[in-house]
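Now for the letters of each chain:
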Amino acid sequence: MAATAQAPVADPASVEEQRGGGPPAGAGGAPGEGGRPPVEGAGAPAEGGQEPVCLIVLGMAGSGKTTFVQRLTAHLHSLKAPPYVINLDPAVHEVPFPANIDIRDTVNYKEVMKQYRLGPNGGIVTSLNLFATRFDQVMQFIEKKRQNHRYVLIDTPGQIEVFTWSASGTIITEALASSFPCVVIYVMDTSRSVNPVTFMSNMLYACSILYKTRLPFILAMNKTDIVDHSFAVEWMQDFESFQDALNQETSYVSNLTRSMSLVLDEFYSSLRVVGVSAVTGSGLDELLLQVQDGAAEFDRDYRPEYQRLRTQLMEAQSRKQQEQLERLRRDLGAVDVSGSPDVAMAAGPSDLIMNRGNPPEEEEEEQEDSDTDDIDHNGEAPGGGGGAL
Ligand SMILES: Nc1nc2c(ncn2[C@@H]2O[C@H](COP(=O)(O)OP(=O)(O)O)[C@@H](O)[C@H]2O)c(=O)[nH]1
Ligand SMILES: [Mg+2]
């Protein structure tokens, strides 16, 4: 990266510890909870050995993801189960919830745009890519706090494709799912889906996200304070009623639209649907029940696959390390580092790494270079100086 006055990327290690993730304003009050009893078990913090469930919140721009995360955070605080909250939207002006990790602390979106000469969308994608390269550190933070939190909430960038159709979104999702049960919450703007054709387009998109993320899926029909979601549920359960609604459409409705709705029937049959309002908080207890169900599905159907992925990754990593060691051994064997070829071979690679290619006899002469060695050493251990890991 270009060395300029202001670095666009900082170390997550240096910022997370400053964030308390305390209760949000109004957390205790949790107004308008809908009068339902709290979800059994959902309030307790993670018990010994229990893992938090990661809720990845996706949805189109303006569907209400950030407001939903804010409300759910407040709701969980009121249930005495404060979540661990991560903001992955680099371009948001204000994060209305207490984030434990905020991408904006690590990546300076405006600087990224300037230094890489990008527009707003390219800036968001590149910022997320830069952040994804440090996500192993974020994973360590979550690991450290796993006993204290029952849920990890992840708010994603406004434009859904930034997360769902980018390499960084896949890296982040796979990293999370290799360690914790994960559930996708697809937030939909119900008030903007009252037209049957728009509704169907939204459902097709939701369907594509389901296949792209390969995780248990909950459809959160948001903004039920504006329009009740019962019309949508009826369309999903009763094919005829949806066809009737389509028939009333004076706009262009092709045969393809009708056929598509038949295809979606299969998608609907296995879908978890819950109506919520991120503004009033209604429906959140039911949502938490669905989350428990989703987490159970993850354990049953998805965990083995992600464990296989994790094992594969670890094996690939150790293979790569082995290859690098082999290459180093060959290189050191070929180059006369000591004046006597036997020394290099006899010392073995690890000894030579420790001595930076210098056999023990020459150690005293090389003492003057120790400053340079210190710099190299720091460079080899990113995050080591952060102190928080
Ligand atoms: N009436 C109503 N408005 C909502 C609800 N959820 C979000 N909004 C509004 O929808 C707009 C977009 O919300 P935001 O959370 O920023 O959407 P995001 O782009 O998906 O993160 C804001 O003006 C919110 O106040 C809801 O449940 N009911
Ligand atoms: Mg948002």
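Residues numbered from 1 in each chain as written. Chains lettered and ligands numbered in written order. Predicted model: local features only at pLDDT ≥ 70, side-chain atom pairs only at ≥ 80, totals over all residues. Heavy atoms only, no water.

Side chains of E234, D238, E240 and D244 sit close together on the surface and give a patch of like negative charge. When its relative accessible area of 52% is taken as the criterion, E240 is described as exposed. (Patch = residues over 30% accessible without salt bridge, like charges linked within 9 Å, V, L, I, M, F, W, Y side chains within 5 Å. Areas by Shrake-Rupley, 256 points an atom, 1.4 Å probe, with all protein chains shown as cover. Salt bridge = Lys/Arg side-chain N within 4 Å of Asp/Glu carboxyl O. Lys, Arg positive; Asp, Glu negative; His and termini not counted. Charge placed at Lys NZ, Arg CZ, Asp CG, Glu CD. Buried < 20%, exposed > 50% of the residue type's maximum accessible area, 1.4 Å probe, protein only.)

Which parts of space are left empty comes out when a probe the size of a water molecule is rolled across the atoms. For the largest pocket, the calculated volume is near 580 Å³. In this structure, the largest pocket is lined by 18 residues; those nearest its centre are D136, A175, S178, L313 and Q317. Mapped by element, the contributors of at least two residues to the lining of the largest pocket are α6 (135-144), α8 (167-179) and α13 (284-334). Tallying contributions element by element places α8 first for the lining of the largest pocket, with six residues. Its residues assigned to classes, the lining of the largest pocket shows eight nonpolar, six polar and four charged. (1 Å grid on protein atoms, 1.4 Å probe; cavity = no way out; pocket = protein on both sides within 12 Å on 5 of 7 lines; lining within 4 Å. Points joined across faces, edges and corners; volume = space filled by probe spheres on them. Helix = DSSP H or I, 4+ residues; strand = E, 2+ residues; numbered from the N terminus. Nonpolar A, V, L, I, M, F, W, Y, C, P; charged D, E, K, R; others polar.)

With that settled, the discussion passes to helix α12 (residues 255-269). If you check α12, its first and last C-alpha atoms are 22 Å apart, about what 15 residues at 1.5 Å a residue would give, namely 21 Å. Buried residues of α12: T257, S261, L264, F267 and Y268, and no others. Where the residues of α12 are buried, they touch α9 (196-213), β6 (217-222), α10 (230-237) and α11 (239-247). (Expected span 1.5 Å × (residues − 1). Contact = heavy atoms within 4.5 Å.)

Counting across every chain of the model gives 10 aromatic pairs. Residues F298 and Y302 carry aromatic rings whose centres are separated by 6.3 Å and whose planes lie at 10 degrees to one another, so their mutual orientation is stacked. Of the two residues, F298 and Y302 both sit in helix α13, four residues apart, roughly one turn of that helix. Classification of F298 as buried rests on a relative accessible area of 0%. Linked through ring pairs, Y186, F217, F267 and Y268 together constitute an aromatic cluster. Here K212 stacks its cationic end above the ring of W165, 5.1 Å away from the centre of that ring. (Phe/Tyr/Trp six-rings, centres within 6.5 Å; stacked < 30°, edge-to-face > 60°. Lys NZ or Arg CZ within 6 Å of the ring centre and 35° of its normal.)

Our focus in this paragraph is the pairing of strand β4 (residues 151-155). Of all five residues that make up β4, five are buried, and the element is covered over most of its length. Of the two faces of β4, both are covered, the one formed by Y151, L153 and D155 as well as the one formed by V152 and I154. Across five bridges, strand β1 (residues 53-59) lies against β4 in parallel orientation. Within the sheet, the bridge partner assigned to C54 lies in β4 and is V152. Looking at chain direction, strand β2 (residues 84-87) and β4 are connected through four bridges and run parallel. Residue pairing in the sheet places V85 in a bridge with L153 of β4. (Pairing = 2+ DSSP bridges.)

This part takes up the side chain of N222. Within the secondary structure, N222 is located in strand β6. What makes N222 buried here is its relative accessible area of 2%. In this structure the side chain of N222 is engaged in a polar contact, spanning 2.9 Å, whose partner is the backbone nitrogen of A278. The contact partners of N222, leaving out residues within four places of it in the chain, are S63, G64, V187, M188, D189, T190, S191, V276, S277 and A278. (Polar contact = N/O pair within 3.5 Å; in protein donor to acceptor, adjacent residues only side chain to side chain.)

Strands sit in the order β3-β2-β4-β1-β5-β6-β7 across an open sheet of seven strands; the sheet is parallel. Either end of the sheet is taken by a strand with one partner, and the two such strands are β3 (101-102) and β7 (272-275). In this sheet, β7 lies alongside β6 in parallel orientation, the contact comprising four bridges. Its bridge partner being in β7, I218 is matched across the sheet by R272. In the packing of α8 onto the sheet, contacts are made with β1, β4 and β5 (182-189), and the angle to β1 comes to roughly 155 degrees. Helix-sheet contacts for α9 involve β1, β5 and β6, and the interaxial angle to β5 is about 165 degrees. (Axes fitted to C-alpha atoms, helices over the stretch in contact; angles between N-to-C directions.)

Turning our eyes to something else, we now look at unusual backbone geometry. The phi angle of most residues is negative, glycine excepted, and most peptide bonds adopt the trans form. The phi dihedral of R117 falls on the positive side, at around 50 degrees, and the residue is not glycine. Looking at the element boundaries, R117 is found in the loop between α4 (109-115) and α5 (120-132). According to the relative accessible area criterion, R117 is exposed, its value standing at 76%. The backbone phi angle of R214 is positive, close to 55 degrees, even though this residue is not glycine. Relative accessible area serves as the criterion here: at 43%, R214 is assigned to the partly exposed category.

This part covers the packing of α10 against α11. For the pair α10 and α11, interaxial distance at closest approach is 5 Å and the crossing angle is 115 degrees. As the angle between them shows, α10 and α11 are arranged roughly perpendicular. Note on element contacts: α11 touches α10 through F239, S241, F242 and A245, opposite E234, W235 and Q237. A class-by-class count of the residues in the contact of α10 with α11 yields four nonpolar, two polar and one charged. (Parallel < 35°, antiparallel > 145°, perpendicular 65-115°, else oblique.)

The next thing to look at is the site of ligand 1. If you check the shell around ligand 1, you find 15 residues, and the closest are K65, T66, T67, D225 and A278. Taking T66, its side chain carries an N or O atom lying 2.8 Å from an oxygen atom of ligand 1. A distance of 2.8 Å is found between an oxygen atom of ligand 1 and a backbone nitrogen or oxygen belonging to A278. For ligand 1, the accessible surface in isolation is 580 Å², of which the surrounding protein chains cover 67%. (Near = heavy atom within 4 Å.)

Functional significance is not addressed by these values, which are geometric in nature.
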